[in-house]
Amino acid sequence: MTFDQALAFGLVGLTIAAFIWGRFRYDLVAVAALVVGLAIGVIPAEAAFDGFRNDVTVIIACALIVSAAFARSGIVELALRRVLPLLKSEQSQVPVLTAVVTALSMATKNVGALAIMTPVAMQVCRRTGTSPSRLLMPMAFGAMAGGMVTLVGTSPNIIVAEVRADILGEPFRMYDYAPVGLAITAMALVFLAVGYRLLPRNRQGATSMKSALAAAAYATEVAAPEGWSVGPISVARLADLGAGEVRVLALIREGKRRARPRGNTMVREGDIVLVEGEQAALETFLARSRMRLVRDDRPVALNAPTEEAAIVEAVIGRNSPLKGLSVRQSDLYGQYGVNLLGVSRSGYELTQHLRTAKLQAGDILLLQGAENSLPATLQGLDLLPLVEREVRLGDARKRFLPAIVLAAAMILVGLQMIPVAVAFFGAAVAIVALGGLRMREAYAALDGPLLVLVAALIPVSDAIQQTGGADLIAGALSGVFAGAPGVLAVGGVLFASMAVTPFLNNAATVLIVAPIGATLAQRLGLNPDPFLMAVAVGAACDFLTPIGHQCNTLVMGPGGYRFGDYPRLGAPLSLLVLLAGPPLILTFWPL
């Protein structure tokens, strides 16, 4: 072992130890490792920022934006609208919702697919009384399994494809992972449909600050526009369009108000309805009912063409000049260019016309205005903004745009007309340009810690290869597996990848293990493809801890899971993958 190799191994070893220790953020550890590698000379200065311009980083970032556009569009809720009411017990909910999130993970990044489906699952849990602890972990595992099927479904696939390009001159294509991925995914779905019973019952999930604020019920007025395609419709049927989470408080027709109208009262074109519900429920209600907010049609004065209209939530302070005034008297639009979209008041039901409601200290207002002038307006009115979260009430949804753009991108990639990075970059730009997401939402969709982690670790992992360290490890392993059946060598690489990824980020696992697996294959005189595929499968199947994969972390709080809950379901599933994986890989990728 040379001195440079010892330095490279020491750097990677300390990085892994820092990851496992968990005292510092993953992205900070990765950046620190990059700096140390530069300082000790195992990473050349000219290669320091290769990770930030690598195709891997670009593809992951663009996949996150596309996933956010899917969540924003509501197309998944639309597709499941007729199915969800039929899911009355966990025996039907687990296989159906897990299958849906698995299928969605094949088209978008698995973390994004799970983020789209988690609110749907929580809504089902509230409606049927099912514990989230029985639903969310199977969905997370299904999302990880589904991500194995396509190049962009999970970060390890993208990174393994890049490693193959470095070794063989050509990366894995979009659907090269599909044969192995589909077989393992089908096996996982069958197991999860039954194995979810290993999970605890009635575990209460943690409520985040964002979730607590989202629970605030807003009263707002919506109108049936001219040429309303949905009506006439009864009040009861109209409320059903809010998935049972929107209440009709009053009906206003020709200036006359009818509080708490009966369910058989018909709502017609031109009527104004006072409704109350959480922000997400109101957004769904507006999309389904095709009604419009009464107060969002007045144009917001923007100071520049590049400025956007924003919606914020703010609490009326005790010294606010709005206290004691009605909505009409306050004239927020006339004096400040701000639209009042809704009012939330704890412990009191607003049934009068919203414009005559007297505002009180402690009321939460939903305000729409120019993003650059809103802070000054809030300060001048003694309105205290709530913790930042995205509010989209009243925004038009581009229902089918993300699906159309993504399908076009995947077809072009499948026909090998354009590279994957170019296709997904173009898809992300097209979605934003066509209104599927605002720029602010696109930036918010980017997972900064993940992107920095991947970009910083690419030069660090390259140091093992550049110094000859990968050849050194592969030489030792080739002695172990020399003369043994190839399936054992592939299984050993799969096991190594699965053993490391629960304690590291899966992207970090691939960056470290993939070059070693490829070099081992070359030492044994075998095709490197099955070894690289084993690394991809092992890194994607992180079913043992909540820290190795973002999907596991995402459901930990809402599901009320503890660290030890993951092996209860994940250990038998990992064993199934370990036993079935190598033969499946060699069936489609022979040695």
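Residues numbered from 1 in each chain as written. Predicted model: local features only at pLDDT ≥ 70, side-chain atom pairs only at ≥ 80, totals over all residues. Heavy atoms only, no water.

**Q** I'm lost on the overall build of the protein in this one. Help?
**A** In terms of regular secondary structure, the protein is built from 25 helices and 11 strands. When the 591 residues of the protein are sorted by exposure, 53% land in the buried category. Intrachain contacts of the protein at a sequence separation of at least 6 include 81% that bridge at least 24 residues. On the protein, roughly 24,700 Å² of surface is accessible, and the fraction owed to carbon and sulfur atoms is 60%. (Helix = DSSP H or I, 4+ residues; strand = E, 2+ residues; numbered from the N terminus. Buried < 20%, exposed > 50% of the residue type's maximum accessible area, 1.4 Å probe, protein only. Contact = heavy atoms within 4.5 Å. Areas by Shrake-Rupley, 256 points an atom, 1.4 Å probe, with all protein chains shown as cover.)

**Q** Is there a simple way to think about the packing of helix α21 (residues 486–500) against helix α23 (residues 528–540) in this case?
**A** For any two helices packed against each other, the geometry comes down to the angle between their axes and how far apart the axes lie. Between α21 and α23, whose axes approach to 8 Å, the crossing angle comes to 30°. Comparing the axis directions of α21 and α23 gives the class roughly parallel. You can see that α21 and α23 cross each other, and the crossing is right-handed. Touching Ala489, Val490, Val493, Leu494, Ser497 and Met498 of α21 are Pro530, Phe531, Ala534, Val535, Val537, Gly538 and Ala539, all from α23. (Axes fitted to C-alpha atoms, helices over the stretch in contact; angles between N-to-C directions. Parallel < 35°, antiparallel > 145°, perpendicular 65-115°, else oblique. Left-handed = near helix turned anticlockwise from the far one by under 90°.)

**Q** For this particular structure, what's the right way to read a nonpolar patch on the surface?
**A** A grouping of Ile411, Leu412, Leu415 and Met417 is seen on the molecular surface, where their side chains present a nonpolar patch of about 400 Å² in accessible area. Examined against the element boundaries, Met417 turns out to sit in the loop between α16 (401–414) and α17 (420–433). Note on Met417: relative accessible area 55%, which makes it exposed. (Patch = residues over 30% accessible without salt bridge, like charges linked within 9 Å, V, L, I, M, F, W, Y side chains within 5 Å. Salt bridge = Lys/Arg side-chain N within 4 Å of Asp/Glu carboxyl O.)

**Q** Looking at this model, I keep getting lost on a positive patch on the surface. Mind explaining?
**A** Together, Arg81, Arg82, Arg237 and Arg290 make up a positively charged patch on the protein surface. Mapped onto the elements of the fold, Arg237 is located in helix α11 (residues 235–240). What makes Arg237 partly exposed here is its relative accessible area of 40%. (Lys, Arg positive; Asp, Glu negative; His and termini not counted. Charge placed at Lys NZ, Arg CZ, Asp CG, Glu CD.)

**Q** Explain the pairing of strand β8 (residues 309–316) to me, please; I cannot follow it from the model alone.
**A** The side chains of a regular strand alternate between both faces of the sheet. Summarising burial for β8: six of the eight residues are buried, a large majority. In this sheet, strand β10 (residues 364–370) lies alongside β8 in antiparallel orientation, the contact comprising seven bridges. Residue pairing across strands places Val312 opposite Leu367, the latter belonging to β10. Where β8 meets strand β11 (residues 383–385), three bridges bridge the pair, whose relative direction is antiparallel. (Pairing = 2+ DSSP bridges.)

**Q** Would you mind showing me how to read the packing of aromatic side chains here?
**A** What describes a pair of aromatic rings is the distance from one ring centre to the other and the angle between the planes of the rings. All told, the structure shown has five aromatic pairs when counted by the stated rule. Seen in terms of ring centroids, Tyr561 and Tyr566 are 5.9 Å apart; in terms of plane orientation they differ by 65°. Their pairing is edge-to-face. Taken together, the ring pairs connect Phe172, Tyr177 and Trp589 into an aromatic cluster. (Phe/Tyr/Trp six-rings, centres within 6.5 Å; stacked < 30°, edge-to-face > 60°.)

**Q** Help me out: how do you make sense of the side chain of Ser320 in this one?
**A** Residue position: Ser320 is located in the loop between β8 and α13 (327–330). With near-sequence residues (within four places) excluded, Ser320 lies in contact with Leu381, Asp382 and Leu383.

**Q** Hey, could you run me through unusual backbone geometry in this one?
**A** The phi torsion of most residues other than glycine is negative, and most of the peptide bonds are trans. Of note in this structure, Arg260 is not a glycine but carries a positive phi near 45°. Here Arg260 lies in the loop between β4 (256–259) and β5 (266–267). One non-glycine residue, Asp382, lies in the positive phi region at around 55°. Counting through the fold element by element, Asp382 comes out in the loop between α15 (374–380) and β11. Relative accessible area serves as the criterion here: at 24%, Asp382 is assigned to the partly exposed category.

**Q** Which parts of the structure should I look at to understand helix α9 (residues 178–195)?
**A** An ideal rise of 1.5 Å per residue puts 26 Å on 18 residues; α9 measures up with 24 Å between its terminal C-alpha atoms. Along α9, the residues classified as buried are Ala178, Val180, Gly181, Ile184, Thr185, Ala188, Phe191, Leu192 and Gly195. Down the axis of α9, the sector holding all buried residues measures 160°, keeping them to one side. Of the exposed residues in α9, the ones pointing more than 90 degrees away from its buried face are Val190 and Val194. The inward-facing, buried residues of α9 contact α5 (90–105), α7 (132–147), α23 and α25 (565–588). (Expected span 1.5 Å × (residues − 1). Arc of directions from axis to C-beta.)

**Q** Looking at this structure, I do not really get the packing of helix α8 (residues 155–168) against α23. What am I missing?
**A** At a minimum axis separation of 9 Å, α8 and α23 run at an interaxial angle of 160°. The orientation of α8 with respect to α23, classified from their angle, is roughly antiparallel. Here α8 and α23 pass one another in a crossing that is right-handed. Counted together, Pro156, Asn157, Val160, Val163, Arg164 and Leu168 of α8 and Pro528, Asp529, Leu532, Val535, Ala536, Ala539 and Ala540 of α23 form the full contact between these two elements. Residues that form the contact of α8 with α23 fall into these classes: 10 nonpolar, one polar and two charged. (Nonpolar A, V, L, I, M, F, W, Y, C, P; charged D, E, K, R; others polar.)

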